[in-house]
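Report on the structure
Read off the chains here:
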Amino acid sequence: MGERNAGNMITIDSINQKVGRGERITSEEGLYLYENASLGQVGKLANLIRERLHGDRTYFNRNFHVEPTNVCIYTCSFCSYSRLIKERSDGWEYTHDDIMEMVKKYDHEPVTEVHIVGGVLPQYDVRWYERLFQAIKAHRPELHIKALTPVEYHYIFKKEKISYAEGMRRMKTAGLDSMPGGGAEIFHPEIREEIAGDKCTGEQWLDIHQEWHLLGQRSNATMLYGHIERFEHRIDHLDKLRSLQDETGGFQTMIPLKFRNKGNHMAHVPESTTVEDLRNYAISRIYLDNFKHIKAYWPMIGRETAQLSLAFGVNDIDGTIDDTTKIYSMAGAEEQAPSMSTRELVALIKSVGRHPIERNTLYDVIKDYDEVKFEDDEEFRGYLDLPVVNG
Ligand code: V47
Ligand code: SF4
């Protein structure tokens, strides 16, 4: 069964042909895939695009997270991690010294990135973050700072009475290297007002990324899916990202984030199935023809689904993380203390026949692991309890 689109019937076949020719699909076609296509159908198309762009190459990095506080003035109903100011005795609020101690713990480790994101706390203002970024850069200039989202930036720039453009310039001068993808949730106001009504709007999120891109800088994007949104809200979200990317080209990676329902105000909302998760990766890959990378965030979905996702459009599985984030474990994610050694990440990728590449945040190659002979290497063999598909 198909639907009308400018006089043409939309069918899986017509979409297959378009994608085969390397053409962009329309929002109607995207919605058609969400509503009608099987996992096998979207998987085949997403894998075609993935292999066209990257072959078997699958990226990861060595990183750690710093979450300066979990106290937050906002009340997103999906958030399991934050505490209100009146409950602050139950949370944490790190000082610059605390954070520098965490950074220094990695002094002799070959990590390339620190990912900094947390709650929105009034005393953490523009000056506070400037001084933090400066201190990290003074200590370890080559460590890439990927920090904060438009949720924090909108709040601190408004408080400082400066424009987004001026604020992002100041952050860049202080040492910010790139922006992570968080805070995007679902842009459409019908859903955003329900789940994240008091923080920055979808438009403001996009405006801040746009200003950052106009400075020649890079950022990531996310979509929090599988709760009360409908397929048309997902397409609206993907479409807004695709349009901004057409304009600036500043996005590196799209990270679909599966809603987890433990310990938050949406605990009654069932979680999506693994089949739906894989369909969503695949449709994101197909729709976002101008995004180079699609990432599966393994602490959220678990190692096995992360492996499966590599056949459904995903070409990146984030980093080693080293048990430094609490956002997902507090929301009921598979990984309660997320940490993977480089060897485990390499084994996980190799055991599904893909080619592991360690990258930095900007996707420059740090090490190509193809030369490691998985099946001949005692250290790798049996490291994960998984069959070796190829070496
Ligand atoms: O914005 C919060 C999400 C995001 C829940 O850019 C939840 O490389 C599911 O954006 N269930 C923050 N998701 C994390 C993030 C991220 C993660 C990894 C890599 C990158 C990157 C970015 O986490 C929030 C929100 O969308 N989140 N609570 C929950 N219960
Ligand atoms: Fe605060 Fe972020 Fe949690 Fe929303 S998702 S309540 S902005 S920490």
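This text gives an overview of the structure that appears in the document. A quick note: this is a predicted structure, and the numbers were derived from the prediction, not measured.

Description of the packing of helix 1 (residues 12-20) against helix 3 (residues 39-54)
Contact geometry for helix 1 and helix 3: axes closest at 11 Å, N-to-C directions at 5°. When the axes of helix 1 and helix 3 are compared, the pair comes out roughly parallel. Where helix 1 abuts helix 3, its residues I12, I15, N16, V19 and G20 lie against Q41, L45, L48, I49 and R52. Each residue belonging to the contact of helix 1 with helix 3 can be placed in one class, and the counts come to 6 nonpolar, 3 polar and 1 charged.

Focus on the nonpolar core
One finds I116, F133, Y153 and L241 to be the most contacted residues of the largest nonpolar core, which totals 105 residues. Two domains share this core, each providing at least three of its residues, namely domain 1 (4-50) and domain 2 (56-381).

A look at unusual backbone geometry
Positive phi outside glycine occurs at D318, with the angle close to 60°. Its location among the elements puts D318 in strand 11 (residues 316-319). Even without being a glycine, Y363 presents a positive backbone phi close to 70°. On the secondary structure map, Y363 appears in the loop between strand 12 (355-359) and strand 13 (365-368).

Concerning the side chain of R140
Here R140 shows up in the loop between helix 5 (126-139) and strand 6 (144-147). In terms of polar contacts, R140 uses its side chain to reach the side chain of E142, at 3.0 Å. Among all residues touching R140, those that are not within four sequence positions of it are Y106, D107, E109 and V111.

Description of the state of the cysteines
Going through the model one piece at a time under the given rule, you end up with 0 disulfides. Counting only cysteine sulfurs, C76 is the nearest neighbor of C200, a cysteine outside any disulfide, at a range of 9.3 Å.

A look at the packing of helix 2 (residues 27-36) against helix 10 (residues 231-248)
Two measures define how a pair of helices packs: the angle their axes make with one another and the distance between the axes. Across the interface, helix 2 lies against helix 10 with an axial gap of 9 Å and an inter-helix angle of 140°. Judged by the inter-axis angle, helix 2 sits oblique to helix 10. The chirality of how helix 2 crosses helix 10 is right-handed. In this structure, helix 2 contributes S27, G30, L31, Y34 and E35 to the contact, and helix 10 contributes F231, E232, R234, I235 and L238. Considered class by class, the residues forming the contact of helix 2 with helix 10 number 5 nonpolar, 2 polar and 3 charged.

What counts, and where the lines are drawn
- Residues numbered from 1 in each chain as written.
- Chains lettered and ligands numbered in written order.
- Predicted model: local features only at pLDDT ≥ 70, side-chain atom pairs only at ≥ 80, totals over all residues.
- Heavy atoms only, no water.
- Axes fitted to C-alpha atoms, helices over the stretch in contact; angles between N-to-C directions.
- Helix = DSSP H or I, 4+ residues; strand = E, 2+ residues; numbered from the N terminus.
- Parallel < 35°, antiparallel > 145°, perpendicular 65-115°, else oblique.
- Contact = heavy atoms within 4.5 Å.
- Nonpolar A, V, L, I, M, F, W, Y, C, P; charged D, E, K, R; others polar.
- Core = buried A, V, L, I, M, F, W, Y, C linked by side-chain atoms within 4.5 Å.
- Buried < 20%, exposed > 50% of the residue type's maximum accessible area, 1.4 Å probe, protein only.
- Domains from an automatic or database assignment.
- Polar contact = N/O pair within 3.5 Å; in protein donor to acceptor, adjacent residues only side chain to side chain.
- Disulfide = S-S within 2.5 Å.
- Left-handed = near helix turned anticlockwise from the far one by under 90°.

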